[in-house]
Amino acid sequence: MTNSASLANPASCAGLVIVESFADFQNHRPPFRLGILLSGRGSNFLAIAESIRAGRLKGAEIAVVISNVAEAAGLAKARELGLETAVLVSKGRKREEHDADVIACLRAHGVELVCLAGYMRLLSKQFVAAFPNRILNIHPSLLPAFPGLDAQEQAFNYGVKVTGCTVHFVDEELDHGAIVVQRAIPVLETDDAHSLADRILVEEHQAYTEAIARVVSAEYEVRGRRYVKTGNEGTREQGSKKAQGSGI
Ligand code: GRF
């Protein structure tokens with residue numbers, strides 16, 4: 001461990017990779033490059049960005065934020081943060097053609113993990129196949145309950161007593177792929193659909209960071225529909241191959 005002392009305080013090494021210990025030095029990998037896709041306000045994107053900034057989500061960086069809606073508030077916030085952004089308007093375009101442009105943009109930015117964060121557009125088969133088991137989505141219900149639009153209102157109107165959010169891999173079916181993280185909350189007597197949605201959103205912001213951290217760790221396998229923690233760190237490539245049958 002003689003090297004650890006010289007590596008333990010690297011603050012003076014401006015411009016060099018910052019490591020905190022010899023173990024970190026040995027394990028150092030370039031940050032996992034995230035591509036964020038959004039269509040609206042972008043609060044989940046901002047939560048991910050803040051987790052990275054605050055050091056809660058280590059080993060990941062946002063490579064690009066792409067929106068299919070030019071006026072999306074989340075896009076403006078990404079620009080304010082100085083992140084790479086791209087607008088690829090989807091309105092009036094064939095899904096496959098638009099998706100081909102999005103895939104090209106993600107590849108041009110070296111994206112390894114695509115994070116759908118309020119991206120209001122179904123993905124084509126080609127898109128899912130281009131990033132096998134490397135697309136995450138967040139949904140505001142405990143899947144498989146209440147897939148589709150207005151999930152919080154669906155849950156409230158159904159009268160469930162517990163609901164929450166789900167982060168899952170994306171496959172070719174809507175809100176369907178293997179589940180990485182779920183967080184549950186009670187429905188309160190005092191709730192209406194809006195207050196319930198607000199409280200679910202708080203959970204979403206934590207769940208997405210947790211799910212990305214799990215993928216970045218590569219310490220998992222997907223067995224059938226089940227995401228299973230293995231405790232063994234795999235390679236990035238293994239993480240992708242292991243996650244069979246997962247997806248939106
Ligand atoms: C969230 O409720 C998310 O679960 C759903 O779309 C909404 C996006 O919100 N998929 P925001 O744009 O991240 O604030």
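Residues numbered from 1 in each chain as written. Predicted model: local features only at pLDDT ≥ 70, side-chain atom pairs only at ≥ 80, totals over all residues. Heavy atoms only, no water.

Asks: Honestly, the site of the ligand in this entry has me stumped. Any pointers?
Replies: Every residue close to the ligand is listed here: Arg41, Gly42, Ser43, Asn44, Gly118, Ile138, His139, Pro140, Gln152 and Glu204. One of the side-chain N or O atoms of arginine 41 is found 2.4 Å from an oxygen atom in the ligand. Surface burial for the ligand is 87%, taken as the share of its 370 Å² of free accessible area covered by protein chains. Every element with two or more residues in the shell around the ligand is listed here: α3 (43–53) and β5 (135–139). The class makeup of the residues in the shell around the ligand is two nonpolar, six polar and two charged. (Near = heavy atom within 4 Å. Polar contact = N/O pair within 3.5 Å; in protein donor to acceptor, adjacent residues only side chain to side chain. Areas by Shrake-Rupley, 256 points an atom, 1.4 Å probe, with all protein chains shown as cover. Helix = DSSP H or I, 4+ residues; strand = E, 2+ residues; numbered from the N terminus. Nonpolar A, V, L, I, M, F, W, Y, C, P; charged D, E, K, R; others polar.)

Asks: Is there a simple way to think about the pairing of strand β6 (residues 162–169) in this case?
Replies: Regular strands place their side chains on alternate faces of the sheet. Here β6 lies mainly inside the structure; seven of its eight residues are buried. When β5 meets β6, the two strands line up antiparallel, connected through four bridges. Within the sheet, the bridge partner assigned to isoleucine 138 lies in β6 and is valine 167. Bridge count for β6 against strand β7 (residues 179–186) is seven bridges, and the pairing is antiparallel. When the sheet's bridge partners are listed, glycine 164 is paired in β7 with alanine 184. (Buried < 20%, exposed > 50% of the residue type's maximum accessible area, 1.4 Å probe, protein only. Pairing = 2+ DSSP bridges.)

Asks: Teacher, can you tell me more about the side chain of histidine 139 here?
Replies: Turning to its location among the elements, histidine 139 is positioned in strand β5. Of note is the side chain of histidine 139, whose polar atom sits 3.4 Å from the side chain of aspartate 175. Ignoring any residue separated from it by four or fewer positions in sequence, one finds histidine 139 in contact with Phe146, Pro147, Gly148, Ala151, Gly164, Cys165, Thr166, His168 and Asp175. (Contact = heavy atoms within 4.5 Å.)

Asks: What am I meant to see in the packing of aromatic side chains here?
Replies: How two aromatic rings sit relative to each other is set out by the distance from centre to centre and by the angle between their planes. Throughout the structure, instances matching the rule amount to four aromatic pairs. For the pair tyrosine 220 and tyrosine 227, a centre-to-centre distance of 5.0 Å together with 20° between the ring planes defines the contact as stacked. A relative accessible area of 0% places tyrosine 220 in the buried class. Under the relative-accessibility criterion, tyrosine 227 is labelled buried at 12%. Taken together through their ring pairs, the aromatic side chains of Phe169, Tyr220 and Tyr227 make up a single cluster. The ring of phenylalanine 131 has arginine 107 sitting right over it, with the charged end atom 5.8 Å from the ring centre. (Phe/Tyr/Trp six-rings, centres within 6.5 Å; stacked < 30°, edge-to-face > 60°. Lys NZ or Arg CZ within 6 Å of the ring centre and 35° of its normal.)

Asks: Looking at this model, I keep getting lost on the confidence of the model for the chain. Mind explaining?
Replies: Caution is warranted with low-pLDDT regions, since their predicted coordinates should not be read in detail. Scored by pLDDT, the chain has a mean of 87; 82% of the residues are at 70 or more. Counting contacts from residues 1–26, a segment whose pLDDT is below 50, to residues more than four positions away or on other chains yields 14 contacts. Counting contacts from residues 242–248, a segment whose pLDDT is below 50, to residues more than four positions away or on other chains yields 39 contacts. (pLDDT = per-residue confidence, 0-100.)

Asks: What is the right way to look at the nonpolar core in this model?
Replies: Soluble globular proteins tend to pack their nonpolar side chains together in the buried interior. Membership of the largest hydrophobic core comes to 42 residues, with the highest contact counts inside it found for Ile36, Phe45, Leu136, Phe169, Tyr208 and Ile212. Sort the elements by how many residues they give to this core and helix α8 (residues 193–217) lands first, with eight residues. Those residues within four positions of isoleucine 36 in sequence are excluded, and the remaining contacts are Phe45, Ile48, Ile62, Val64, Val65, Ile66, Cys115 and Ala117. Ranked by size, the runner-up nonpolar core spans 21 residues in total, among them Val102, Tyr119, Phe127 and Ala130. (Core = buried A, V, L, I, M, F, W, Y, C linked by side-chain atoms within 4.5 Å.)

Asks: For this particular structure, what's the right way to read helix α4 (residues 73–80)?
Replies: Residue pairs three or four apart in sequence face the same way in an α-helix, which turns once every 3.6 residues. Restricting attention to buried positions, one finds in α4 the residues Gly74, Leu75 and Ala78. Across the axial projection of α4, the buried residues extend over an arc of 100°, all falling on one side. In this fold, the buried residues of α4 make contact with β1 (32–38), α3, β2 (60–67) and β3 (85–87). Phi turns positive one or two residues past the end of α4, at glycine 82, with a value near 80°. (Arc of directions from axis to C-beta.)

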